[in-house]
Amino acid sequence: MPPSKKSNSLNITMFPASYGDSFFVSVGEDDLDILIDSGFSFTYEDHIKPKLTELNTKNKSLDFLIITHIDADHISGALSLLEANNLSKIIDIKNIWHNSYRHIQNKPTNKKEISLKDQRILQQIMANGYKKNRTVVQNHKKNLSVKQGSSLASLIYKGGYNWNKQFNNEAICVENDTNIKLSNNVNLILLSPEKSKLQKLMKFWEKEFRKLGISRAVLDNHFLDDAFEFLVSREKPINKNIKKNISSKEVNIEKLMAEDFEEDNTPTNGSSISFVLEYGSKKILFLGDSHPSIIERALRKQYQQEQLWFDAIKVSHHGSHKNTSPSLLSFIDSDIYFISTNGAKFGHPDLTTIARIIGRKTSISRKMIFNYETKISKYFDNEELKKTYNYSIVISAADETFTFVKD
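Note that the structure is a prediction, hence the values are computed from the model and not measured.

Let's shift gears to the overall build of the chain. From N to C terminus, the chain includes 15 helices and 19 strands. Counting the 407 residues in the chain, one finds 59% classified as buried. Contacts in the chain between residues far apart in sequence, at least 24 positions, make up 75% of those at least 6 positions apart.

Spelled out as structure tokens, the structure:
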């Protein structure tokens, strides 16, 4: 799908982000530019920064920076971006969406001071910072760690950016709003998180604090953005049952589709910001790392249809088997599926997820677009399977643009 020269188009670039996410969306006729998640620091240096520098030379701004949730593979590049932008402006960032502690904390109940013990524990959390990560990027190792120090929330605050402005500076959740007009021709339909998922994240955070011996008074009386993000980002990943040895003899699409489904229950993924971008008649579904039951419920409420078609779907949680349910797939479909991961750390995408997507009977040819060649993409790039299940495999170039022209 080559880039369109027409201005009445929505363009999507899926940046290389190791096992993370980073998508750039632009709409020419509205002069609208959106960055959805930011991968790791190398994603920023190699891909995001050049794109933003190009925009700035054209006297354009980044209209929205949307960070879907607190995971290193989604926020690390944004830390590098805001650190640099706060020192010497690379580009004007008009709006940032990011749920931090200050947005989802409980109401203060007392005014006790922080004890010396609590201060020392907090200082240690700050010193530890975000979780360190190293993995293979393309054909060489890169350090995916983020710099220690400020959290993303602190950088947003220090930079004085419009923060969750479209939600009255409060938490981004469906209870606060679901229909946001981003520009003249682009609407955003918020699908998640629900407030209950944000409350679950707070309970997880409070539990981790109690393990460290910090008193309740600290939770009730102070904005602890750094400590909140540093601890939450260390949440353990979900257990996986992916088959490690892939061969046509041992993998059966129908058997994979028939496997029992168990939904992801991690608090961080449950807090993921997910939405539909509507541009004319075009609908693009961005699922972040969301929980499928929440998405299905929100979509049915919003559209009230028996079957729902999207012009593209960004698959949830890099194709994890716990984030794409058979029930959701019985309701939605598309001829384009974006899958962002190099499979280096968690082995995503899972065989079961791809099988569930392609195994459904269809009269259209589904296109599975990966931003890296992985063991799973290689397995499914099989002529017999592609003919039987009517799909194709595409490995996108690093900065390739996919264009959707408004009807």
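Side chains of a nonpolar character, in soluble globular proteins, are inclined to be buried together. Ranked by internal contacts, the top residues of the largest apolar core, which has 37 residues, are L65, L82 and I93. Of all the secondary structure elements, the ones that give two or more residues to this core are α1 (41-57), β4 (62-66), α2 (72-87), β5 (93-97), α3 (101-104), α5 (152-159), α6 (195-212) and α8 (225-232).

Contact pair α2 / α5: the axes reach a minimum separation of 10 Å and the direction vectors enclose 25°. Classified by the angle between their axes, α2 and α5 sit roughly parallel to one another. Two packed elements cross with a definite hand, and for α2 against α5 that hand is left-handed. Of the residues in α5, those touching α2 at I75, A78, L79, L82, E83 and N86 are L152, L155, I156, K158 and G159. Per-class residue counts for the contact of α2 with α5 are seven nonpolar, two polar and two charged.

Glancing now at the packing of α1 against α2. For the pair α1 and α2, interaxial distance at closest approach is 8 Å and the crossing angle is 55°. Between α1 and α2, the interaxial angle falls into the category oblique. Crossing angle aside, the handedness with which α1 passes α2 is right-handed. Contacts from S41, Y44 and L52 in α1 reach S76, G77, S80, L81 and A84 in α2. In terms of residue class, the contact of α1 with α2 is made up of four nonpolar, four polar and no charged.

Counting buried residues along strand β12 (residues 282-286), five of its five residues qualify, which places the element largely inside the surrounding structure. Judged by which residues are buried, β12 turns out to be covered on both faces: K282, I284 and F286 on one side and K283 and L285 on the other are all buried. Relative to β12, strand β11 (residues 274-279) runs antiparallel, the two sharing five bridges. Bridge pairing links Y279 to K282 in β12. Between β11 and β12, which follow one another and run antiparallel, lie two residues, and G280 among them has a positive phi close to 60°. Of the strand pairs in this sheet, β12 and strand β14 (residues 312-314) are connected by three bridges, and their pairing is parallel. By the bridge assignment, L285 is partnered in β14 with I313.

Another point: the sheet that holds strand β3 (residues 32-36). Taken together, seven strands build an open sheet; the order of strands is β8-β5-β4-β3-β2-β1-β19 and the sheet is mixed. Every interior strand has two partners, whereas the edge strands, β8 (162-163) and β19 (401-405), have only one. Here β4 pairs with β5 via four bridges, running parallel. Along β5, the bridge assignment pairs F64 with N95. Relative to β5, α2 is tilted by about 145°, and along the sheet it contacts β3, β4 and β5.

The subject of this paragraph is α1. An ideal rise of 1.5 Å per residue puts 24 Å on 17 residues; α1 measures up with 22 Å between its terminal C-alpha atoms. The largest bend in α1 amounts to roughly 45° and is located at I48, with the proline P50 lying one to four residues further along. The complete set of buried residues in α1 reads S41, F42, T43, Y44, H47, I48, L52 and L55. Immediately beyond the C-terminal end of α1, within one or two residues, lies N59, with a positive phi of roughly 60°.

Cut-off values and rules
- Residue indices follow the written sequence of each chain, beginning from 1 at its first position.
- Under the rules for a predicted model, residues below a pLDDT of 70 receive no local features and side-chain atom pairs below 80 are neither given nor counted, while totals for whole chains, interfaces and linings still include all residues.
- Side-chain numbers come from the whole structure's heavy atoms, not from hydrogens or water.
- Secondary structure elements are defined from DSSP: runs of H or I of at least 4 residues count as helices, runs of E of at least 2 residues count as strands, and each element is numbered from the N terminus.
- The cut-offs for exposure are 20% and 50% of the maximum accessible area for each residue type, with area from a 1.4 Å probe on protein chains only; residues under the lower value are buried, those over the upper are exposed, and the others partly exposed.
- Should any heavy atoms of two residues lie within 4.5 Å, those residues are counted as being in contact.
- What is meant by a nonpolar core is a set of buried Ala, Val, Leu, Ile, Met, Phe, Trp, Tyr and Cys residues, joined one to another through side-chain atoms within 4.5 Å.
- Axis definition: a line fitted to C-alpha atoms, limited for helices to the stretch in contact. Angles are taken between N-to-C directions and run from 0 to 180 degrees.
- Here the word oblique covers every angle except those under 35 degrees (roughly parallel), over 145 (roughly antiparallel) and from 65 to 115 (roughly perpendicular).
- What makes a crossing left-handed is the near helix being turned counterclockwise from the far one by less than a right angle; a clockwise turn instead makes it right-handed.
- Three categories are distinguished: nonpolar for Ala, Val, Leu, Ile, Met, Phe, Trp, Tyr, Cys and Pro, charged for Asp, Glu, Lys and Arg, and polar for the others, with Gly belonging to the last.
- Between any two strands, pairing holds if DSSP finds at least two bridges.
- What a helix should span is 1.5 Å times the count of its residues minus one.
- Note that the bend at a residue is defined as the angle between axes fitted to the seven residues ending at it and the seven residues starting at it.

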